[in-house]
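One-letter residues, chain by chain:
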Amino acid sequence: MPLATNLITRMCNNLKVKITSDSVCDLSPELKEKYGIEIMPLTVMLDGRDRLDGIDIVPDDIYAHVAAGGALGSTAAVSVANYIDFFKKQLESCEELVHFHISSSMSSCYQNALIATDEVENVYPVDSENLSTGIGLLILDAIEMAEQGKSGQEILDGVNALRGKVEASFVVDSVDYLHKGGRCSAVAALGANLLGLKPCIEVKDGAMGVSKKYRGKIAKCLIQYVRERLEGREDINTKRIFITHSGGFTAEEIQAVEDEVKKYQNFGEILHTRAGCTVSNHCGPKTLGILFERK
């Protein structure tokens, strides 16, 4: 076994608290590897088959299926039995486990994990009251707490105090996927497409809703969106920000968003991630959001 692998193994075996998450957190492979974050995949049901998010299926598979005339997929929560197996496996390399979930208002994952803890001790499920890298922000906070030597309960309490400070929102290029998923009526979808409207989906109190509608080309709308989110604000925690998108953008379009972010706030980290199957299945391609925390 290579030396680097031995070192990583010893570090994992000495962990007091380990931080893990469901696949909805949308952290990049680089971040998951850097911080040793193990992922429990949700199930994506597409064309009558169950597939594991990020393992058996990726967003581009969904897009290709829909473009070919197939029906939109759906996501299923992790079962209690699968959580039990996952938690037991993770506890082989740590004393306590803090596991992150999508908002309990959006999925039964959190409730299933709580049931699993009746059988597996030293596990602290987190209702993030968020999705995508809104969860990712809290995960990185939790990792910092773990590095400070805090216990599982202290980390749970800490992230519960922070979750209301997360600002998570996305601008959607087309409402077609929202319509296919039953989240937008046919009349509203037709009107939005005719007028070139780009809804901004925002998470508040653990639930998703439309906060604003932009009009015009998506690249122009994103510049306006970033400015309105960041300009002149003194209540933003500038430690880090995520730019998370569902694919379909050019490198130049993504860079334009980052350049706009830099105009208004001096973030210590600007992290780019690609959204996984949950966000992509609901919102479709060319969806982008900036996600950060308030002070």
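See the structure printed just above.
Presented here is a report on the structure given in the accompanying data block. Model, not experiment: these values are computed from the prediction. (Residues numbered from 1 in each chain as written. Predicted model: local features only at pLDDT ≥ 70, side-chain atom pairs only at ≥ 80, totals over all residues. Heavy atoms only, no water.)

1. Digging into the layout of surface pockets
Let me state the cut-off plainly: Points on a 1 Å grid over protein atoms alone make up a cavity when a 1.4 Å probe fits among them but cannot get out, and a pocket when they form an open set with protein on both sides within 12 Å along at least five of seven lines; lining residues each have an atom within 4 Å of a point. Grid points are joined across faces, edges and corners, and a volume is the space filled by probe spheres set on the points. Ten residue types, Ala, Val, Leu, Ile, Met, Phe, Trp, Tyr, Cys and Pro, are classed as nonpolar, four, Asp, Glu, Lys and Arg, as charged, and the remainder, Gly among them, as polar.
If you add up the space inside the second largest pocket, you get close to 360 Å³. Along the walls of the second largest pocket sit 18 residues, with Ser23, Leu27, Lys32, Asp53 and Gly54 positioned nearest its centre. For the lining of the second largest pocket, a count of residues per class yields 10 nonpolar, 4 polar and 4 charged.

2. Here we look at the side chain of Thr133
We count it as follows: To qualify as a helix, a DSSP run of H or I must reach at least 4 residues; to qualify as a strand, a run of E must reach at least 2; elements of each kind are numbered from the N terminus. Here's how the labels work: a residue is buried when its accessible area is under 20% of the maximum for its type, exposed when over 50%, partly exposed in between, all with a 1.4 Å probe on protein chains only. Here a polar contact is recorded for every N or O atom pair within 3.5 Å, except that within protein the pair must consist of a potential hydrogen donor and a potential acceptor, and residues adjacent in sequence are included only if both atoms are side-chain atoms.
Here Thr133 shows up in helix H6 (residues 133-147). In this structure Thr133 comes out as buried when scored by relative accessible area, which is 0%. Side-chain polar atoms of Thr133 contact the side chain of Thr244, separated by 2.7 Å.

3. What to know about the pairing of strand E10 (residues 197-204)
Convention followed: At least two bridges found by DSSP between two strands is the condition for calling them paired.
Most of E10 sits inside the fold, with 7 of its 8 residues counted as buried. Relative to E10, strand E9 (residues 169-172) is paired through 3 bridges, and the arrangement is antiparallel. Bridging across to E10, Phe170 finds its partner in Ile201. With 8 bridges connecting them, E10 and strand E11 (residues 207-215) associate as antiparallel partners.

4. Details of the side chain of Arg51
The condition that has to hold: We count Lys and Arg on the positive side and Asp and Glu on the negative side, and we leave His and both chain ends out. Any carboxyl oxygen of Asp or Glu within 4 Å of a side-chain nitrogen of Lys or Arg constitutes a salt bridge here.
With respect to the helices, strands and loops of the structure, Arg51 is situated in strand E4 (residues 49-52). Buried charge without a salt bridge: Arg51, with Asp47 as the nearest opposite-charge side chain at an N-O distance of 5.2 Å. A polar contact of 3.4 Å, which involves the side chain of Arg51, links it to the backbone oxygen of Leu46.

5. Notes on the pattern of salt bridges
The full count for this structure, using the stated rule, is 18 salt bridges. Lys88 serves as the salt-bridge partner of Glu119, at 3.4 Å between the closest nitrogen and oxygen. Linking Glu119 in the loop between helix H5 (109-116) and strand E7 (123-127) with Lys88 in helix H4 (residues 80-90), this pair joins segments that are 31 residues apart in sequence. Judged by relative accessible area, Lys88 falls into the partly exposed class, the value being 42%. A salt bridge links Asp173 to Lys198, with the nearest nitrogen and oxygen atoms 3.0 Å apart. Residue Asp173 is located in the loop between E9 and helix H8 (176-180), and its partner Lys198 is located in strand E10; the two are separated by 25 residues in the primary sequence. One salt-bridge network, held together by shared partners, links Glu167, Glu202, Arg229, Arg233, Asp235 and Arg294.

6. Some words on the sheet that holds strand E6 (residues 94-101)
Where we set the bar: Here an angle of 0 to 180 degrees is reported between the N-to-C directions of two axes, which are lines fitted to C-alpha atoms, with helices fitted over the stretch in contact. The contact definition used throughout considers only heavy atoms, calling two residues in contact when any of these lie within 4.5 Å.
The sheet built from 4 strands is open, its strands ordered E2-E1-E6-E7 with parallel pairing. Edge positions in the sheet fall to strand E2 (38-40) and E7, since each has one partner strand and no second. Between one strand and the next, the sheet's axes are offset by a mean angle of 25°, whatever the strand orientation. Note that strand E1 (residues 15-22) and E6 share 6 bridges and pair parallel. Along E6, the bridge assignment pairs Ile19 with Val98. Sheet contacts for H4: E1, E2, E6 and E7; angle to E6, the most-contacted strand, approximately 140°. Packed on one face of the sheet, H6 meets E1 and E6 and runs near 175° to E1.

7. Re the pairing of E9
Side chains of E9 alternate between two faces, with Ser169 and Val171 and Phe170 and Val172 buried alike. Across 2 bridges, the pairing between E9 and strand E14 (residues 287-294) is antiparallel. Paired with Val172 across the bridge in E14 is Thr287.

8. Re the packing of H6 against helix H7 (residues 152-162)
For any two helices packed against each other, one specifies the inter-axial angle together with the distance between the axes. Operational definition: Each helix crossing is assigned a hand: it is left-handed if the near helix lies turned anticlockwise from the far helix by less than a right angle, otherwise right-handed if that turn is clockwise.
The geometry of H6 relative to H7 is characterised by a closest axis approach of 10 Å and an angle of 145° between their N-to-C directions. Helix-helix and strand crossings are classified by hand; for H6 and H7 the assignment is right-handed. The segment H6 lies against H7, with Leu138, Asp141, Ala142, Met145 and Ala146 engaging Ile155, Gly158, Val159 and Leu162. Grouping the constituent residues of the contact of H6 with H7 by class yields 7 nonpolar, 1 polar and 1 charged.

9. Examining the sheet that holds strand E5 (residues 74-76)
Ordered by their spatial adjacency, 3 strands build an open sheet running E4-E3-E5, and the pairing between neighbours is antiparallel. Where the open sheet ends on each side, the last strands, each with one partner, are E4 and E5. If you compare each strand with its neighbour and ignore which way they point, the axes differ by 35° on average. Sheet topology places strand E3 (residues 43-46) next to E4; 4 bridges connect them, and they run antiparallel. Among the inter-strand pairings, Leu46 is bridged to a residue of E4, identified as Arg49.

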